[in-house]
Amino acid sequence: MEAEQLSHEALLSTRELEIVELVVTGLSNHKIAHQLEISKRTVDNHISNILKKTGTINRVELVRWSLQWGKVCLDNVNCCYLPNSSQTVNHNEVLP
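First, a word on what this report is: a plain description of the structure on this page. (Residues numbered from 1 in each chain as written. Predicted model: local features only at pLDDT ≥ 70, side-chain atom pairs only at ≥ 80, totals over all residues. Heavy atoms only, no water.)

1. What about the overall build of the protein?
Right, so step 1: Scanning the protein for helices and strands turns up four helices and zero strands.
Right, so step 2: Its helices and strands in sequence order give the protein the pattern α-α-α-α, from N to C terminus.
Right, so step 3: Once local pairs closer than 6 in sequence are excluded, the contacts in the protein between residues at least 24 apart make up 54%.
Right, so step 4: Carbon together with sulfur atoms contributes 52% to the accessible area of the protein, which is approximately 6800 Å² in total. (Helix = DSSP H or I, 4+ residues; strand = E, 2+ residues; numbered from the N terminus. Contact = heavy atoms within 4.5 Å. Areas by Shrake-Rupley, 256 points an atom, 1.4 Å probe, with all protein chains shown as cover.)

Here it is as structure tokens:
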């Protein structure tokens, strides 16, 4: 995997990040669709867009990218707690 493929600059939507989190847990596209109450084809489209944006070619690389750039928390490892968008953000505050 080339370094430029792993750019953390990929701008994923909230829905795409939600789908990435479900991919990391090992859910199939069908199960993701069921859980999010959307069609499997919509999940397929999201996954395709996510792979393009992240420069990854499959789910394994996507999981690796997600962990490397702190996009997901897996079994309380690699966790980064971000404030809700409704909260005021203090960029100088250190989060746990």
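2. Notes on the pattern of salt bridges
Right, so step 1: For the structure on display, the rule yields three salt bridges.
Right, so step 2: Salt-bridge contacts for R15 lead to E18; the nearest nitrogen and oxygen are separated by 3.0 Å. Of this pair, R15 and E18 are both found in helix α1 (residues 14-24), three residues apart, which corresponds to roughly one turn of the helix.
Right, so step 3: Residue class for R15 comes out partly exposed when judged on its relative accessible area of 28%. (Salt bridge = Lys/Arg side-chain N within 4 Å of Asp/Glu carboxyl O. Buried < 20%, exposed > 50% of the residue type's maximum accessible area, 1.4 Å probe, protein only.)

3. Side note on unusual backbone geometry
Most peptide bonds are trans, and most residues other than glycine sit at a negative phi.
Right, so step 1: Despite not being glycine, E37 shows a phi value in the positive range, around 55°.
Right, so step 2: Of note, E37 is situated in the loop between α2 (29-36) and α3 (40-54).
Right, so step 3: Classification of E37 by relative accessible area gives exposed; the value is 73%.

4. Details of the nonpolar core
Soluble globular proteins tend to pack their nonpolar side chains together in the buried interior.
Right, so step 1: Judged by nonpolar contacts, the single largest core of 17 residues is most densely connected at I19, V20, V23, I32, I47, I50 and L62.
Right, so step 2: Of all elements in the fold, only α1, α2, α3 and α4 (59-68) reach the threshold of two or more residues within this core.
Right, so step 3: The dominant element in this core, judged by the number of residues it contributes, is α1, at five residues.
Right, so step 4: Apart from residues no more than four positions distant in its own chain, I47 is found in contact with I19, V23, N29 and R59. (Core = buried A, V, L, I, M, F, W, Y, C linked by side-chain atoms within 4.5 Å.)

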